[in-house]
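# Fold and contact review
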Amino acid sequence: MVGSPQVASAEPSVAILPLSFSVREFRGPTTRVAAVAPSLAALRPDASLKDQPLVIVWGEGGGAALTLAAGAVRVVQLGPGAADLTTAETGRNAIPSSRVEAAGPITASLTEPTRDYRHEALGASIHAKSISITEKRPVQMSSGPQPVPTEVSRVEAGPGAVFEDREPRLAELGREGPPEIVTVKSYADRGSALAVIGRREGTWRVLAETPPLGQAQSWLNPAAIADFLGTGHPQIALIRTPHADGMLQLWAFDSDALTLKAEKAGYANHAYGHAAQDLAATADIDGDGRPELLVPTLDRRSVAILAMKDGIRELARIALPARAETGLAAIGQGAALHILVGLEDGRVADIRP
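Residues numbered from 1 in each chain as written. Predicted model: local features only at pLDDT ≥ 70, side-chain atom pairs only at ≥ 80, totals over all residues. Heavy atoms only, no water.

### Some thoughts on the overall build of the chain
What the chain contains, in helices and strands, is one helix and 25 strands. Taken over C-alpha atoms, the radius of gyration comes to 20 Å for the chain, in line with the 20 Å a tight globule of 353 residues would show. Overall size of the chain, expressed as C-alpha extent along the three principal axes, is 55 × 50 × 40 Å. Across the 353 residues that make up the chain, the buried fraction comes to 52%. Partitioning the contacts of the chain with sequence separation of at least 6, the portion at a separation of at least 24 is 52%. (Helix = DSSP H or I, 4+ residues; strand = E, 2+ residues; numbered from the N terminus. Rg over C-alpha atoms; globule rule 2.2 N^0.38 Å. Buried < 20%, exposed > 50% of the residue type's maximum accessible area, 1.4 Å probe, protein only. Contact = heavy atoms within 4.5 Å.)

### Here we look at the layout of surface pockets
Empty space left among the atoms is revealed by rolling a probe the size of a water molecule over them. In this model, the largest pocket occupies a volume close to 970 Å³. What lines the largest pocket is a set of 36 residues, among which Thr30, Glu167, Arg169, Leu170 and Ile225 lie closest to the centre. Of all the secondary structure elements, the ones that give two or more residues to the lining of the largest pocket are β6 (101-103), β8 (127-136), β11 (169-171), β15 (220-226), β19 (281-283) and β23 (324-331). At four residues, β15 tops the list of elements feeding residues into the lining of the largest pocket. Tallied by class, the residues present in the lining of the largest pocket amount to 19 nonpolar, seven polar and 10 charged. (1 Å grid on protein atoms, 1.4 Å probe; cavity = no way out; pocket = protein on both sides within 12 Å on 5 of 7 lines; lining within 4 Å. Points joined across faces, edges and corners; volume = space filled by probe spheres on them. Nonpolar A, V, L, I, M, F, W, Y, C, P; charged D, E, K, R; others polar.)

### Observations concerning unusual backbone geometry
Its identity is not glycine, yet alanine 70 carries a phi of approximately 55 degrees, on the positive side. Of note, alanine 70 is situated in the loop between β4 (62-69) and β5 (72-77). Here glutamine 217, not a glycine, exhibits a phi torsion of approximately 65 degrees, which is positive. Tracing the chain through its elements places glutamine 217 in the loop between β14 (203-209) and β15.

### Focus: the side chain of glutamine 235
Relative to the helices and strands, glutamine 235 is located in strand β16 (residues 235-240). Polar side-chain contacts of glutamine 235 include one of 2.8 Å to the backbone nitrogen of phenylalanine 228. Here threonine 231 takes part through its side chain, which lies 3.1 Å from a polar atom of the side chain of glutamine 235. Residue contacts for glutamine 235: discarding those within four places in its chain leaves Ala224, Ile225, Ala226, Asp227, Phe228, Leu229, Leu250, Trp251 and Ala252. (Polar contact = N/O pair within 3.5 Å; in protein donor to acceptor, adjacent residues only side chain to side chain.)

### Describing the nonpolar core
In this structure, Leu294, Ile305, Leu320, Leu328, Val341 and Ile351 are the most contacted members of the largest nonpolar core, which totals 22 residues. Listing elements by their share of this core, those giving two or more residues are β19, β21 (302-307), β22 (313-319), β23, β24 (338-343) and β25 (348-352). Those residues in contact with isoleucine 351 that sit more than four places away from it in its chain are Ser13, Val14, Val303, Ile318, Leu320, Leu337, His338, Ile339 and Val341. (Core = buried A, V, L, I, M, F, W, Y, C linked by side-chain atoms within 4.5 Å.)

### Focus on the side chain of histidine 127
The topology assignment puts histidine 127 in strand β8. Looking at histidine 127, the relative accessible area reads 0%, which means it is buried. A polar contact is formed between the side chain of histidine 127 and the backbone oxygen of tyrosine 117, at a distance of 3.5 Å. Dropping the residues within four chain positions of it, histidine 127 is found in contact with Ile95, Glu112, Pro113, Thr114, Tyr117, His119, Val162, Phe163, Glu164 and Arg166.

As structure tokens, then:
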């Protein structure tokens, strides 16, 4: 089913990809898993895959890399060893089921596991008391090999709070210097807030937070970070209470403060009890040079295409054969765009909008 107005003259199509296993894990093109996948034995002979956006999926009995070939999705089987790819995203001291994120010399991970906040939206009541940031420093000139010097900093959630997240997102939000870290901070009595961490005067700290949701164990999930407004700097899209009213909000970060730009209820980028948080993506659907947000509707039975400039407008919604659950990603562009959605029944839908 497509909403009005439509973003293209042709009706969208939805197909199921031919996979021989049930998908339980889904990683999009910007993840560490997708970056290291071309080194696997099954992909190594195909040098072209190193320059292609990849979606990596796996589950019991197999795994596959999904990419484009001649405008269609190509499925490259990885075999049962695909699950070993998780080692690429797991930090040595990180909390269970979390991902380490890196950009240039900066690596961030969720550390110091705690059960002080017993909320299982992400499948377990283990959350992080801190975020650790490792910075690689320049190597001094020498005639022999030198180890890369590193500096580790730690940002604490503070008393009565945890980082209720599974991936600290690194993003350059507008100021020169190292990227900021976008994460979810939850308070025992007030619920979740979006937090932006950055380095100022040589010290990493929380720079800004949105107001907490106001109720214990109420949670939000970041959806995407992109320049939706065309300002030259990215904004942060998030969904408050994706398991309740699903309020999509767009926040801008400027002068170390967060400002709400728009909001609209009725969307969900997370299935309660699952660690997967990647149920959203961006793509320039209408060709105006600005990205649209691709995100499931509140019941997760459709994918909505949302324009975010001058308020949030739904351009279209496309029905799915089952609820979205494990992930959502966009590959290709223009007429060759494909939206891939991991479904609750283990299949992957291929949408041509």
